[in-house]
Amino acid sequence: MLFLLILLVIILIIAFMSIKIVKQAEVYVIERLGKFYKVADAGLTIIVPFFDHVRSVVSLKQQTMDIPPQGVITKDNVTITIDTVVFYQITDPAKAVYEIQSLKKGIEYLAITTIRDIIGKMDLDETFSSRDGINNKLRVVLDEATDRWGCKIDRVEIKDITPPADIRDAMEKEMNAERNKRAMILESEAQRQSAITIAEGRKQAAILEAEADKEAKIRRAAGEAQAIKEVADAKAKEIQMVYDAMKKADPNDKLVQLKSLEALEEVAKGDANKVFIPFEATSALSSLGAIKEVVTDNKKSSKKIDKE
């Protein structure tokens, strides 16, 4: 009975040592008699006790590794501190176990030396404006170097770049000066635009005022011309009415001349600067000139007789 109990215990121990359950996203690197035998994937795996041995459990998930902050000297001799994180994934578990003693240490040292090499070729200002370029260069170099270790570098990100305190103060002062400069430029540009707008408004107002004055003068002149025309038309109608009345009355020549002269006198008193004389009035004026000459001759004759 004791023998059976001991045998049962030995069978359970052998079964426990033989049966291995591999979790998802993990693999077992198994050795047989100290030599690499196989890589056991996720699921149930049977090994031979005392002959097979699980050398390492390797995770196939994407992993992250923080690189300790490193002091790096730039091309213009400024010491800055760079904090970096690396994202990597194991693609060949056997190489990751047997090709390097510590994969994480190898990635860390490679990242440090590569960062110093890249930053040492750049100026301080360039390091702040070229993070994407630095990240890409780091990823390419690390991916090529770790390929023989069965590892793939997916991403490299620079978390922080910290310059010395005096450099930060100088940068802040420079930034403030640049902001003040931009503010002054914007203010002067706004003032210039305001002055231009005001000048344009004044110019437009002067143009509109001149056009309005011109239009007013044109309308005033047109009104005066119309008034003159209406006055002249009215006087012409008056003369015509006088003429028609005299014609109907059948006057003698002296009366016609006298009435014509009275009509012309009324016309001359008007506001018009032009006087339109009817054709019939010219004969009256001619008769008036003839009468004046006769009267003058009679006066001369009378004086001559008196002297004799």
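These lines cover the structure that appears in this document, whether it is placed above or below. Think of each chain on its own: its residues are numbered from 1, step by step along the sequence as written. A pLDDT threshold of at least 70 governs which residues receive local features in this predicted model, and a stricter bar of 80 or more applies before side-chain atom pairs are shown or counted, although totals over entire chains, interfaces and linings include all residues. Processing note: side-chain calculations cover all non-hydrogen atoms of the structure and skip hydrogens and water entirely.

### Regarding the packing of aromatic side chains
The following threshold applies: Within 6.5 Å between ring centres, the rings of Phe, Tyr and Trp (the latter by its six-membered ring) count as paired, and their orientation is classed by plane angle as stacked under 30 degrees, edge-to-face over 60, tilted in between. Whether a charge sits over a ring comes down to the Lys NZ or Arg CZ being within 6 Å of the ring centre and within 35 degrees of the ring normal.
Within this structure, the stated rule accounts for 1 aromatic pair. Positioned above the aromatic ring of Tyr 37, the side-chain terminus of Arg 32 is 4.0 Å from the ring centre.

### Here we look at the nonpolar core
For the record, the criterion: By convention a nonpolar core is built from buried Ala, Val, Leu, Ile, Met, Phe, Trp, Tyr and Cys residues, the set being connected through side-chain atoms within 4.5 Å. Buried means the residue's accessible area, taken with a 1.4 Å probe over protein chains only, is under 20% of the maximum for its type, while exposed means over 50%, and partly exposed covers the values in between. Numbering of helices and strands starts at the N terminus; helices are DSSP runs of H or I of at least 4 residues and strands are runs of E of at least 2. Contact definition: two residues touch when any of their heavy atoms are within 4.5 Å.
In terms of nonpolar packing, the biggest core is built from 33 residues, with Ile 82, Leu 103, Ile 107 and Ile 153 touching the most fellow members. Mapped by element, the contributors of at least two residues to this core are β2 (26-32), β6 (63-73), β7 (79-90), α2 (93-98), α3 (103-119), α5 (131-146) and β8 (151-162). If one sorts the elements of this core by residue count, α3 sits on top with 7 residues. Setting aside its immediate chain neighbours within four residues, Ile 82 contacts Pro 68, Pro 69, Gln 70, Val 72, Ile 115, Ile 119, Ile 158, Asp 160 and Ile 161. Listed in part, the 5 residues of the second largest apolar core include Val 22, Tyr 28, Ile 30 and Ile 47.

### Describing the layout of surface pockets
Quick note on the threshold: Cavities and pockets are defined on a 1 Å grid built over the protein atoms alone: a cavity is a set of grid points where a 1.4 Å probe fits but cannot escape, while a pocket is an open set with protein on both sides within 12 Å along at least five of seven lines, and lining residues are those with an atom within 4 Å of any such point. Grid points are joined across faces, edges and corners, and a volume is the space filled by probe spheres set on the points. For this classification, the nonpolar set comprises Ala, Val, Leu, Ile, Met, Phe, Trp, Tyr, Cys and Pro, the charged set comprises Asp, Glu, Lys and Arg, and every other residue, Gly included, is treated as polar.
In this structure, the second largest pocket occupies an estimated 190 Å³ of space. Around the second largest pocket, the lining comprises 14 residues; the ones closest to its centre are Ser 56, Ile 90, Ala 96, Val 97 and Leu 103. Breaking the lining of the second largest pocket down by element, the ones donating at least two residues are β5 (52-59), β7, α2 and α3. At 4 residues, the largest contribution of residues to the lining of the second largest pocket is made by β5. When the residues that make up the lining of the second largest pocket are grouped by side-chain class, the tally is 7 nonpolar, 5 polar and 2 charged.

### Thoughts on the pattern of salt bridges
Pairs may arise between side chains of opposite charge once their charged atoms sit close together. Which entries qualify depends on this criterion: A side-chain nitrogen of Lys or Arg and a carboxyl oxygen of Asp or Glu constitute a salt bridge if their distance falls within 4 Å.
Enumeration over the complete set of coordinates arrives at 10 salt bridges. For Asp 66, the salt bridge identified is with Lys 159, shortest N-O distance 3.5 Å. With Asp 66 in strand β6 and Lys 159 in strand β8, this pair connects stretches of sequence that are 93 residues apart. By relative accessible area, Lys 159 is classed as partly exposed at 43%. Through salt bridges with shared partners, one network takes in Asp 66, Asp 83 and Lys 159.

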